[in-house]
2 protein chains.
Amino acid sequence: MSVLPSSFETLSDKLAKLPGVGRKSAQRLAFHIISMPDADAEAFAAAILDAKKTIRECAVCRNLSESEVCTVCDNPRRDPRLVCVVSDPKGVLAIERSREYGGVFHVLHGVISPLQGVSPNDLRIRELMERVAAGAVDEVILATNPDVEGETTARYIARLLAPFEVRTTRLAYGLPSGSSLEFADDATLTRALEGRVEY
Amino acid sequence: MSVLPSSFETLSDKLAKLPGVGRKSAQRLAFHIISMPDADAEAFAAAILDAKKTIRECAVCRNLSESEVCTVCDNPRRDPRLVCVVSDPKGVLAIERSREYGGVFHVLHGVISPLQGVSPNDLRIRELMERVAAGAVDEVILATNPDVEGETTARYIARLLAPFEVRTTRLAYGLPSGSSLEFADDATLTRALEGRVEY
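Residues numbered from 1 in each chain as written. Chains lettered and ligands numbered in written order. Predicted model: local features only at pLDDT ≥ 70, side-chain atom pairs only at ≥ 80, totals over all residues. Heavy atoms only, no water.

Draft legend 1. Highlighting the relation of the copies chain A and chain B. The two copies are related by a screw operation: chain A maps onto chain B through 180° of rotation and 0.0 Å of translation along the axis, at an RMSD of 0.1 Å. Accordingly, the operation relating the two chain copies is best matched by a two-fold axis. Distance from the rotation axis, computed per C-alpha, reaches its smallest value in chain A at Ala45(A): 2.2 Å. Mapped onto chain B, 100% of the interface residues of chain A are again interface residues, and the two copies thus contact each other with one and the same surface. (Least-squares fit on C-alpha atoms with pLDDT ≥ 70 in both. Contact = heavy atoms within 4.5 Å.)

This is the structure in structure tokens:
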């Protein structure tokens, strides 16, 4: 029999299901939550429910949004004919961080992964093709992660795009800025050599 | 302007306030939560509110409890005259893990820390003294953490207990079981030497 209340165990169990949270840290978080002022704990619970309730997918780019069309798609200063395809909203954040991108996005919500049972139909690929088929797009930048599943997904989409009059590109591979040759892995070096450009 | 909905940012901010959760992991947790099935997110929020609502301090030992008196204090097979004083409920869990302890507890809910503005009045020391003054206790084991604040707190309580007819003990210091001399720090080795016993 546990010496702690069952509602504590329940909370701790829920926390332990979050990604990267083990049993020990779940317990630590649960202790922290029950020692919060009531108002803070209520605000925390409300934030969870509120986020679940108000967040949906943008009707155009499928990124997270509180309105029918997200703030990026709705921004007249962004070029709607340049579409960057990312696997998830974290990709949108990463590209935005560069402050260099003036186009819009398309969020797939996953990558093709036969091992995890994710097929192209589970992703927002059909919605991307509809945007392209409607003639609304000049260029599609495939910006899935440079790993096996990301590249498989990018290749799959590139094949689907081939019949359309749309430029299909992908992000450059190479050495990370500020890194050192010494610590670069073989695959990265191979890619950096293959992608070498005139000086 | 952020490209993510404000309710997402709110949730992410709340998560970032949890101990050991940085901005990046808060964002990752928030993404996980909004991709949960509705029922799971609702159960998570409910678990927070439920734990806050139902958990209080045991009237006797001040450990977390859902009832007036906790399951340890209420257990007739535990010796109520042997009281182990710990700084927080995690201490109760740790002592219980040893499966060797048959007494009861007293949870201080903190340690004396002038730097963090925690004085003896902020802890459940008065409640401990009331238990002792009522003549309900034969032995008090001081089991605060073996760090500066834990030892200060233990010494403070030991001084308060001196006038009473109660045995006051503390946990043994020494080498952790299964450890190696090579990696023991100086303070631990000093304590292990001081506490040496006949073979």
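From this point on, the discussion continues.
Draft legend 2. Local environment of the interface of chain A and chain B. The interface of chain A with chain B comprises 54 residues on the first partner and 54 residues on the second. Regarding the contact of chain A and chain B, the summed buried area is about 4,500 Å², with carbon and sulfur atoms giving 75% of it. If you sort the residues of chain A by the area they bury against chain B, Val3(A), Ile48(A) and Lys52(A) come out on top, with a joint share of 15%. Taken together, the connections running from chain A to chain B amount to two salt bridges. When the shortest N-O distance is used, the salt bridge between Asp38(B) and Lys52(A) registers 3.4 Å. (Buried area = accessible area lost by both parts, 1.4 Å probe. Salt bridge = Lys/Arg side-chain N within 4 Å of Asp/Glu carboxyl O.)

Draft legend 3. Region of the structure containing helix H1 (residues 6-16) of chain A. For H1(A), the set of buried residues is Ser7(A), Phe8(A), Leu11(A), Ser12(A) and Leu15(A). Summarising the axial view, the buried residues of H1(A) lie within an arc of 140°, below the 170-degree limit, and thus occupy one face. (Buried < 20%, exposed > 50% of the residue type's maximum accessible area, 1.4 Å probe, protein only. Helix = DSSP H or I, 4+ residues; strand = E, 2+ residues; numbered from the N terminus. Arc of directions from axis to C-beta.)

Draft legend 4. Looking closely at the pairing of strand S5 (residues 139-142) of chain A. Residue and element names in this part refer to chain A. Of the two faces of S5, both are covered, the one formed by Glu139 and Ile141 as well as the one formed by Val140 and Leu142. Across four bridges, S5 lies against strand S6 (residues 167-170) in parallel orientation. By the bridge assignment for S6, leucine 142 is matched with arginine 170. (Pairing = 2+ DSSP bridges.)

Draft legend 5. Summary view of the sheet that holds S5(A). All names here are of chain A. The four strands are arranged S4-S3-S5-S6 in an open sheet whose pairing can be described as parallel. Two strands in the sheet have a free side with no partner beyond their single neighbour: strand S4 (103-107) and S6. Direction aside, the axes of adjacent strands within the sheet are offset by 25° on average. By the bridge criterion, five bridges tie strand S3 (residues 79-86) to S4 in an arrangement that is parallel. By the bridge assignment for S4, valine 83 is matched with valine 104. Contacts from helix H4 (residues 89-97) reach S3 and S4 within the one sheet, and its direction differs from that of S4 by about 160°. Of the strands in this sheet, S3, S5 and S6 are in contact with helix H6 (residues 148-161), which crosses S5 at around 165°. (Axes fitted to C-alpha atoms, helices over the stretch in contact; angles between N-to-C directions.)

Draft legend 6. Here's a closer look at the packing of helix H3 (residues 38-54) of chain A against helix H3 (residues 38-54) of chain B. Relative to each other, H3(A) and H3(B) sit at 175°, their axes nearing to 9 Å. For the element pair H3(A) / H3(B), the angle class is roughly antiparallel. Here Asp38(A), Ala41(A), Glu42(A), Phe44(A), Ala45(A), Ile48(A), Leu49(A) and Lys52(A) of H3(A) lie close against H3(B), whose contacting residues are Asp38(B), Ala41(B), Glu42(B), Phe44(B), Ala45(B), Ile48(B), Leu49(B) and Lys52(B). For the contact of H3(A) with H3(B), the class distribution of residues is ten nonpolar, no polar and six charged. (Parallel < 35°, antiparallel > 145°, perpendicular 65-115°, else oblique. Nonpolar A, V, L, I, M, F, W, Y, C, P; charged D, E, K, R; others polar.)

Draft legend 7. Quick look at the pattern of salt bridges. Residues and elements named next belong to chain B. In total, this model carries 20 salt bridges over all chains according to the counting rule given. Between aspartate 13 and arginine 23 there is a salt bridge, with the nearest N and O atoms lying 3.2 Å from each other. Taken as a pair, aspartate 13 in helix H1 (residues 6-16) and arginine 23 in helix H2 (residues 23-34) lie far apart in primary sequence, ten residues in all. Between arginine 167 and glutamate 139 there is a salt bridge; the shortest N-O distance is 3.1 Å. Highlighted residues: arginine 167 in strand S6 (residues 167-170) and glutamate 139 in strand S5 (residues 139-142), separated in sequence by 28 residues.

Draft legend 8. Expanded view of the side chain of Lys52(B). Relative to the assigned elements, Lys52(B) resides in helix H3. A relative accessible area of 17% places Lys52(B) in the buried class. Every residue in contact with Lys52(B), bar those within four places of it in the chain, is listed here: Ile33(A), Ile34(A), Ser35(A), Met36(A), Pro37(A), Asp38(A) and Ala41(A).

Draft legend 9. The environment of Cys58(B), seen in detail. Within the element layout of this structure, Cys58(B) appears in the loop between strand S1 (56-57) and strand S2 (64-65). In this structure, Cys58(B) is in contact with Asn63(B), Ser65(B), Glu68(B), Val69(B), Cys70(B) and Cys73(B), ignoring residues within four places of it in sequence.

Draft legend 10. Up close: the sheet that holds S5(B). All names here are of chain B. The strand order across the open sheet built from four strands is S4-S3-S5-S6, with neighbouring strands paired in parallel fashion. Single-partner strands in this sheet number two, and they are strand S4 (103-107) and S6. In this sheet, adjacent strand axes meet at a mean angle of 25° when their direction is disregarded. Pairing of strand S3 (residues 79-86) with S5 involves four bridges; the strand directions are parallel. Across the sheet, the residue bridging to valine 85 is leucine 142, located in S5. The strands touched by helix H4 (residues 89-97) are S3 and S4; relative to S4, the strand with the most contacts, the crossing angle is about 160°.

Draft legend 11. Highlighting the confidence of the model for chain A. Of the residues in chain A, 99% have a pLDDT of 70 or more, and the chain-wide mean is 91. Model confidence for the complex: the whole-complex pTM is 0.76, and ipTM, which rates the interface, is 0.76. (pLDDT = per-residue confidence, 0-100.)

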